[in-house]
Amino acid sequence: MIRAALGLVGLLAVVPAASAEGNSDYSVLIISRERLEVATSCEIGVYLNDQLSGRVFQEQSTSFNLPPGPVDVRLRLLPGQAPGCLPGVEDQRSTRLNLQAGQINKYRIAMGQNGLVLKRASLGY
């Protein structure tokens, strides 16, 4: 019994303690559709580096913990149950964001001349 307890104490000494500083290795990206700037009830897909990573409905937001560095973000209407949600011909351009470790970035979805765009937003806290 004593040998098992000493073994457990030795194992705990080897495992590093978790700290809040470890979280600073990532950046937080928040994409919001809280405002009524996009006049559609369709679901919007959030693509990070050309992979569907999130879906956002009206008055919702999604967030990602990402490693620092560049990330390409593309927004697109997704086909759904609501009529008129088929994307058709879309602008396939991405927005390149350069994320810094420990930083929180918030963007909102808006309509631009060429379709859906990201606009920087304040964190509000």
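Residues numbered from 1 in each chain as written. Predicted model: local features only at pLDDT ≥ 70, side-chain atom pairs only at ≥ 80, totals over all residues. Heavy atoms only, no water.

S.K.: It is not clear to me how the sheet that holds strand β8 (residues 115-120) should be interpreted in this structure. Could you clarify?
M.R.: Within a sheet, adjacent strands bond to each other through the backbone by hydrogen bonds, running parallel or antiparallel. Overall, mixed pairing links the four strands, which are arranged β4-β1-β7-β8 in an open sheet. What marks the edges here is a single partner per strand, and that holds for β4 (61-66) and β8. Averaged over all pairs of adjacent strands, the angle between strand axes in this sheet comes to 25 degrees, irrespective of strand direction. (Pairing = 2+ DSSP bridges. Helix = DSSP H or I, 4+ residues; strand = E, 2+ residues; numbered from the N terminus. Axes fitted to C-alpha atoms, helices over the stretch in contact; angles between N-to-C directions.)

S.K.: Help me out: how do you make sense of the side chain of Ser27 in this one?
M.R.: Assignment of secondary structure puts Ser27 in strand β1 (residues 27-32). For Ser27, the side chain forms a polar contact with the main-chain oxygen of Gln100, separated by 3.4 Å. Polar contacts involving the side chain of Ser27 include one to the main-chain carbonyl oxygen of Gln103, which spans 3.1 Å. For Ser27, the contacting residues outside a window of four places in its chain are Phe64, Asn65, Leu66, Leu99, Gln100, Gly102, Gln103 and Asn105. (Polar contact = N/O pair within 3.5 Å; in protein donor to acceptor, adjacent residues only side chain to side chain. Contact = heavy atoms within 4.5 Å.)

S.K.: Whenever I open this one, the packing of aromatic side chains confuses me. Can you help?
M.R.: The geometry of an aromatic ring pair is captured by two quantities: the separation of the ring centres and the angle between the planes. This structure, assessed with the given rule, holds zero aromatic pairs. We note Arg74 situated over the ring of Tyr47; from NZ or CZ to the ring centre the distance is 4.5 Å. (Phe/Tyr/Trp six-rings, centres within 6.5 Å; stacked < 30°, edge-to-face > 60°. Lys NZ or Arg CZ within 6 Å of the ring centre and 35° of its normal.)

S.K.: Even after reading the chapter, I still don't get the nonpolar core, so can you show me in this structure?
M.R.: Across soluble globular proteins, nonpolar side chains show a tendency to be buried alongside one another. Of all hydrophobic cores here, the largest spans 20 residues; its most connected members are Leu29, Ile31, Val46, Leu48 and Val73. When contributions to this core are tallied by element, the ones reaching two or more residues are β1, β2 (44-48), β4, β5 (69-77), β6 (95-99) and β7 (104-112). The dominant element in this core, judged by the number of residues it contributes, is β5, at four residues. Excluding anything up to four places from it in sequence, Leu48 contacts Leu29, Ser53, Phe64, Leu66, Val71, Asp72 and Val73. (Core = buried A, V, L, I, M, F, W, Y, C linked by side-chain atoms within 4.5 Å. Buried < 20%, exposed > 50% of the residue type's maximum accessible area, 1.4 Å probe, protein only.)

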